[in-house]
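Single-letter residue listing:
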Amino acid sequence: MIAQNPFDLFRQECQTVLTVAIKKTLPEITPPAINLKRTANLDFGQLATSLCFELAKKLNQKPILVAKNLVAAVNNSTFEFIEKVEPAGAGYINFHVNFPKFNALILESIKTLNKNYGLVKTDQPKSIIVEHTSVNPLHPIHIGQARNPMLGDALSRILQCRGHNVSRHYYIDDVGRQSSVVAYGYSKLGRPKPNEKADLFVGKIYTVTSCIVEISRLKKGKASSSNTSSADDLAKINKEIDEWTSIAVELKEKYPILFETLMEKIGEDADPEEEINSLNRSYEDGSPDAKNLIREVSDLCLEGFRQTMKRVGVTYDSWDWESDFVWSTQVSEVMAKLKASQFVFSEKGVLEFDAEKVIKTFDLKSKLGLSDNHEISPLTLVRADGTTLYTTRDIAYTIWKFKNAQKVINIIGMEQSLAQLQLKIALYAMGYCENADNLVHFAYNLVTLPGYKMSSRRGHYITFDEVLDEAIQRAYSEVSKRSPSLSDEEKHDIANFVGLGAVRYALLDVDPGKPVVFTWERVLNFETNSAPYVQYTHARACSILRKVEHKPEYLNLELLTERLERELILALAEFPDIFVEATEYLKPNIIADYINTLADKFNTFYNAYPVIKAKTPELSDARIALTKAIQIVLKNALTLIGVFAPEKM
RNA sequence: GGGUCCGUGGCGCAGCACGGAUAGCGCGUCAGCCUUCUAAGCUGAACGUCAUGGGUUCAAAUCCCAUCGGACCCGCCA
């Protein structure tokens with residue numbers, strides 16, 4: 001017998017048995033919902049309920065007495081996967097699984113379903129768009145941003161395995177002012193061909209241009225306001241100038257030629273700030289020159305991104321240009337619709353969206369999980385010069401996404417929580433209520449460097465490529481140390497998947513809501529609780545399986561009676577539940593936790609008992625079957641989070 | 001000032017949605033294990049007022065309130 005979720009058969013059986021017993025002994029009582037939980041410990045059985053504590057109150061009896069009475073009423077003649085039911089502790093009911101039968105159920109299910117084991121399909125498949133990465137095409141993807149594609153890719157993988165139709169979208173934010181900044185610098189340089197990785201090249205131009213323009217803007221502001229402004233304001237401007245000046249010194253040292261050239265060329269313009277704003281306006285208007293220029297520099301940068309993402313096995317189904325939504329009528333349609341609603345007001349010639357009014361009108365506060373005193377601030381939709389703002393364009397983009405999907409999951413940093421909420425509220429205001437309900441902001445916290453916050457504008461960042469390079473390099477020296485006899489080609493091969501796996505795992509295994517402080521030791525961990533540890537464990541299992549020469553004709557899985565073996569069987573049985581939970585609650589990190597736990601248990605088992613040279617050939621065969629099942633599950637789980645499962649390392 | 005998220009051994013984390021039996025794990029520290037299937041491994045020891053104070057409950061790391069501490073947001077940036 002096999003099952004998609006074999007543990008569920010046991011759970012269902014416990015549920016039924018208990019329900020019948022309650023009806024029989026307590027017909028007059030409407031029982032509370034039965035909540036069966038996994039136990040902390042094998043001795044407490046495999047599932048337990050604390051139901052009797054609640055019943056005890058209604059019945060005015062001691063909980064353990066209620067438990068005893070219920071257990072006495074259980075009909076054990078019909079047991080299939082239950083071995084026994086026991087009252088325990090102060091009033092628990094513990095259900096013990098029948099391991100002889102259960103072993104076979106689990107191991108045969110895994111063997112038969114193989115690479116599909118654990119990946120339980122939903123009965124409500126949906127089309128889902130996962131938007132992730134979406135790094136602005138201005139500079140290389142840095143380690144802080146790399147958490148995004150790791151989460152987005154893992155989520156996409158698990159949702160797809162769940163049976164959903166997943167489409168991965170990259171939103172190219174080419175419309176904001178910052179795109180005009182880099183394009184301005186790039187054109188001042190005469191649109192040079194990159195002499196290095198394109199995103200790195202673009203990043204330098206962006207940082208230097210941005211710095212030069214910023215200083216010029218601040219100085220101009222200071223000059224024009226020195227008579228009118230307060231001393232405080234002036235001090236503030238001076239402080240900013242000092243800050244940018246020190247950045248300029250840094251950049252001048254790092255890229256002397258680039259800095260000098262840009263300084264000179266930008267100096268030719270009387271008002272660089274206005275040049276940039278004008279370029280921004282032209283781009284939104286769709287002027288061919290502006291389009292040509294900005295798309296060219298953006299494409300350069302994106303080419304670099306594609307190379308980086310290819311290294312880590314992240315792919316996209318759609319690259320969506322923000323500008324396309326501006327040039328088409330989609331953004332203006334959104335504006336027209338919002339303007340016609342009662343939720344937009346004009347202040348100093350600027351259009352504002354009154355999110356709070358929408359919430360009050362449609363009574364959304366509790367639906368959105370907002371506390372009573374949580375007021376949502378208004379959102380500016382359009383600048384005085386008529387150009388749109390990021391969130392406004394995102395509204396049009398989101399509506400477009402829902403033309404192609406039933407559900408939209410945006411992987412976006414938690415610093416954008418307010419904007420994402422305003423966006424959702426705008427959908428309600430426009431009548432797209434169902435879409436709004438199906439819009440999910442998957443928020444994650446920042447990755448910071450100890451010491452200072454990463455800032456792409458200031459050129460303070462460690463690129464994702466650098467981290468990957470360093471990871472692979474460190475992995476290479478580990479391999480050389482641990483397996484000196486391997487060929488250089490093999491070493492490089494291993495170093496590659498070990499390094500990449502380590503980085504992926506490190507960015508994935510922390511709760512997305514918590515910040516990660518980046519340190520090399522943390523990210524490039526090759527010991528327990530890391531991808532290399534799990535990869536090693538997988539390779540170890542493969543190594544045992546390679547050494548098995550015969551195929552067992554008759555398997556007696558009842559022989560797996562050691563406590564560790566039972567714990568392993570249970571851990572294997574748990575995988576479908578973990579997968580479903582990870583999918584339904586969007587928690588890819590629990591997959592990472594799970595494989596580590598499973599690997600731990602297998603390594604303990606490995607050290608405690610011989611597999612091939614077990615006491616009897618029958619026991620050996622049973623343990624080989626167990627090892628095979630573990631290898632399959634480790635591989636399935638690693639694949640879910642995008643980590644390679646090697647056969648040797 | 002208002003809001004959101006977070007606070008668990010020296011350090012880094014899990015557990016909290018759905019309250020239940022002795023709070024798990026890694027690093028680091030200490031003591032051990034390779035003539036036996038991969039030592040990127042394993043075994044043992046030490047280390048905890050689960051930020052603090054109340055409340056709800058038979059039962060609180062988990063739920064509620066307050067306080068303190070940290071991060072982030074409140075822009076005609078994205």
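Conventions adopted
- Residues numbered from 1 in each chain as written.
- Chains lettered and ligands numbered in written order.
- Predicted model: local features only at pLDDT ≥ 70, side-chain atom pairs only at ≥ 80, totals over all residues.
- Heavy atoms only, no water.
- Helix = DSSP H or I, 4+ residues; strand = E, 2+ residues; numbered from the N terminus.
- Buried < 20%, exposed > 50% of the residue type's maximum accessible area, 1.4 Å probe, protein only.
- Contact = heavy atoms within 4.5 Å.
- Areas by Shrake-Rupley, 256 points an atom, 1.4 Å probe, with all protein chains shown as cover.
- Lys, Arg positive; Asp, Glu negative; His and termini not counted.
- Charge placed at Lys NZ, Arg CZ, Asp CG, Glu CD.
- Domains from an automatic or database assignment.
- Buried area = accessible area lost by both parts, 1.4 Å probe.
- Salt bridge = Lys/Arg side-chain N within 4 Å of Asp/Glu carboxyl O.
- Polar contact = N/O pair within 3.5 Å; in protein donor to acceptor, adjacent residues only side chain to side chain.
- Nonpolar A, V, L, I, M, F, W, Y, C, P; charged D, E, K, R; others polar.
- 1 Å grid on protein atoms, 1.4 Å probe; cavity = no way out; pocket = protein on both sides within 12 Å on 5 of 7 lines; lining within 4 Å.
- Points joined across faces, edges and corners; volume = space filled by probe spheres on them.
- Near = heavy atom within 4 Å.
- Expected span 1.5 Å × (residues − 1).

Let's talk about the overall build of chain A
Okay, step 1: Looking only at helices and strands, one finds 24 helices and 14 strands in chain A.
Okay, step 2: Expressed as a percentage of its 649 residues, the buried residues of chain A come to 53%.
Okay, step 3: Across chain A, contacts joining residues at least 24 apart in sequence account for 76% of those joining residues at least 6 apart.
Okay, step 4: Split by element, the accessible area of chain A, about 29600 Å² in all, is 50% carbon and sulfur.
Okay, step 5: Of the charged side chains in chain A, 77 are positive and 83 negative; the average position of the first set lies 4 Å away from that of the second.

Focus on the domain arrangement of chain A
Okay, step 1: Partitioning chain A into structural domains gives domain 1 (6-97), domain 2 (127-173 + 321-448), domain 3 (177-309) and domain 4 (464-640).
Okay, step 2: Taken over C-alpha atoms, the centre of domain 2 sits 38 Å from the centre of domain 4.
Okay, step 3: Each partner contributes residues to the interface: domain 2 has 24 residues there, and domain 4 has 23 residues.
Okay, step 4: Together domain 2 and domain 4 conceal approximately 2300 Å² of surface at their shared face, both sides included; 68% is due to carbon and sulfur atoms.
Okay, step 5: Of the charged contacts, one joins R504 and D153 as a salt bridge, the two residues approaching to 2.9 Å between their closest N and O atoms.
Okay, step 6: In this structure, the connection of domain 2 to domain 4 is made through 11 residue pairs in polar contact (both at pLDDT 80 or more).
Okay, step 7: Where the side of domain 2 that touches domain 4 is concerned, the elements lending two or more residues are helix 5 (143-161), strand 12 (439-444) and strand 13 (447-448).
Okay, step 8: Residue composition of the side of domain 2 that touches domain 4, grouped by class: 17 nonpolar, 3 polar and 4 charged.

Comments concerning the layout of surface pockets
Okay, step 1: Estimates place the volume of the largest pocket at around 1000 Å³.
Okay, step 2: Together, 36 residues line the largest pocket, and N136, Q145, E415, Q416 and S456 are the ones closest to its centre.
Okay, step 3: Secondary structure elements with two or more residues in the lining of the largest pocket: helix 5, helix 6 (177-188), helix 7 (198-225), strand 11 (407-413) and strand 13.
Okay, step 4: With 4 residues, the top contributor of residues to the lining of the largest pocket is helix 7.
Okay, step 5: Here the lining of the largest pocket is composed, by residue class, of 13 nonpolar, 16 polar and 7 charged.
Okay, step 6: Two domains each donate at least three residues to the lining of the largest pocket, and these are domain 2 (127-173 + 321-448) and domain 3 (177-309).
Okay, step 7: In this model, the second largest pocket occupies a volume close to 530 Å³.
Okay, step 8: As for the second largest pocket, its lining consists of 20 residues, of which K111, P552, I624, A625 and K628 are closest to the centre.

Side note on the protein's contact with RNA strand B
Okay, step 1: As a structural note, the neighbourhood of RNA strand B is formed by 65 residues, with Y92, D173, R482, S543 and Y585 the closest of them.
Okay, step 2: Backbone atoms, meaning sugar plus phosphate, form 62% of the atoms of RNA strand B positioned within 4 Å of the protein.
Okay, step 3: In the environment of RNA strand B, a phosphate oxygen lies 3.1 Å from a nitrogen or oxygen atom belonging to the side chain of T380.
Okay, step 4: Here a base nitrogen of RNA strand B and a backbone polar atom of V611 are 2.9 Å apart.
Okay, step 5: Secondary-structure elements contributing two or more residues to the surface near RNA strand B are helix 2 (51-59), strand 4 (92-97), helix 15 (390-404), helix 16 (417-429), helix 18 (464-482), helix 19 (488-508), helix 21 (531-547) and helix 23 (589-608).
Okay, step 6: Counting residues per element, the surface near RNA strand B draws most heavily on helix 21, at 7 residues.
Okay, step 7: Taken together, the residues of the surface near RNA strand B sort by class into 27 nonpolar, 18 polar and 20 charged.

Focus on the side chain of K401
Okay, step 1: Summarising the element assignment, K401 is placed in helix 15.
Okay, step 2: Given a relative accessible area of 0%, K401 falls into the buried group.
Okay, step 3: Residues in contact with K401, not counting those within four places in the same chain, are I129, E131, V408 and N410.

Structural notes on helix 16
Okay, step 1: Under the 1.5 Å per step criterion, the end-to-end length of helix 16 is 18 Å for 13 residues, consistent within 8% with the ideal 18 Å.
Okay, step 2: Counted residue by residue, helix 16 has 11 buried out of 13 residues, so it is predominantly covered.
Okay, step 3: Among the residues making up helix 16, those that are buried are A419, Q420, L421, Q422, L423, K424, I425, A426, L427, Y428 and A429.
Okay, step 4: One or two steps after helix 16, the chain reaches G431, where phi turns positive at roughly 90°.

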